[in-house]
Structures are given as structure tokens and as C-alpha cells.
Amino acid sequence: MYLRKAIIGDNIVSVHGIKGKVEKVGENSVVVEILENFSGRQFENNRTVVSHKKYVVL
């Protein structure tokens with residue numbers, strides 16, 4: 001689904017409705033600081049992990 005892999009500082013939108021800023025890039029996923037959450041899920045520390053297959057770089 002993604003057009004390119006995100007790098008630190010990029011803004012992304014996940015397929016689950018989470019918009020965030022990339023803080024760390026791993027081999028299979030990224031850690032993002034959540035900026036907007038349209039998923040209806042609650043996140044304890046305002047960060048989540050998103051697979052490279054499940055986001056689009058803005």
C-alpha cells in the first residue's frame with residue numbers, strides 16, 4: 001500500500017485512521033507520535049507502532 005518507506009520526521013496516515021509523525025524507523029514498522037486519532041482506539045502514551053504495509057506518507 002505504501003508508496004515509499006517513511007523516514008524520521010515524516011507525517012503518515014495509517015489505514016486505521018491514525019495520523020502521526022515518525023519518531024523511529026524499524027525494519028518492518030515505524031514508531032509514530034499520534035497527532036490525530038480517528039480510529040476510536042485509546043493509546044496510553046500517545047505513540048503507536050505501524051507496519052510499513054499499513055500507512056501512506058503525506
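A brief report on the enclosed structure follows. Keep in mind that this is a model prediction, so the values were computed, not measured. (Residues numbered from 1 in each chain as written. Predicted model: local features only at pLDDT ≥ 70, side-chain atom pairs only at ≥ 80, totals over all residues. Heavy atoms only, no water.)

1. Looking at the overall build of the chain
So, step 1. Of the regular secondary structure elements, the chain holds zero helices and five strands.
So, step 2. When the elements of the chain are put in sequence order from the N terminus, they spell out β-β-β-β-β.
So, step 3. Its C-alpha atoms give the chain a radius of gyration of 10 Å, within 12% of the compact-globule value 10 Å for 58 residues.
So, step 4. Principal axes of the C-alpha set define a box for the chain whose edges measure 25 × 20 × 15 Å.
So, step 5. Across the 58 residues in the chain, those meeting the buried criterion constitute 28%.
So, step 6. Of the contacts made within the chain by residues no fewer than 6 positions apart, 35% connect residues no fewer than 24 positions apart.
So, step 7. Roughly 4,000 Å² of accessible area belongs to the chain as shown, and the carbon and sulfur atoms make up 50% of that amount.
So, step 8. In the chain, 9 side chains carry a positive charge and 6 a negative one; their mean positions are 6 Å apart. (Helix = DSSP H or I, 4+ residues; strand = E, 2+ residues; numbered from the N terminus. Rg over C-alpha atoms; globule rule 2.2 N^0.38 Å. Buried < 20%, exposed > 50% of the residue type's maximum accessible area, 1.4 Å probe, protein only. Contact = heavy atoms within 4.5 Å. Areas by Shrake-Rupley, 256 points an atom, 1.4 Å probe, with all protein chains shown as cover. Lys, Arg positive; Asp, Glu negative; His and termini not counted. Charge placed at Lys NZ, Arg CZ, Asp CG, Glu CD.)

2. As for the nonpolar core
So, step 1. Ala6, Ile12, Val22, Val30, Val32, Val50, Tyr55 and Val57 together form the largest nonpolar core, which totals eight residues.
So, step 2. Every element with two or more residues in this core is listed here: strand S3 (29-37) and strand S5 (55-57). (Core = buried A, V, L, I, M, F, W, Y, C linked by side-chain atoms within 4.5 Å.)

3. A few points about the environment of Val32
So, step 1. Tracing the sequence through the fold places Val32 in strand S3.
So, step 2. The sequence separation of Val32 and Lys21 amounts to 11 residues, and the corresponding C-alpha distance is 5.2 Å.
So, step 3. Residues in contact with Val32, not counting those within four places in the same chain, are Ile12, Gly20, Lys21, Val22, Glu23, Asn46, Arg47, Thr48 and Val50.

4. Comments concerning the side chain of Asp10
So, step 1. Within the secondary structure, Asp10 is located in the segment before strand S1 (11-14).
So, step 2. Among the polar contacts made by the side chain of Asp10, one reaches the side chain of Arg4 at a distance of 3.1 Å.
So, step 3. In contact with Asp10, other than residues within four places in its own chain, are Arg4, Gly20, Lys21, Val22 and Val57. (Polar contact = N/O pair within 3.5 Å; in protein donor to acceptor, adjacent residues only side chain to side chain.)

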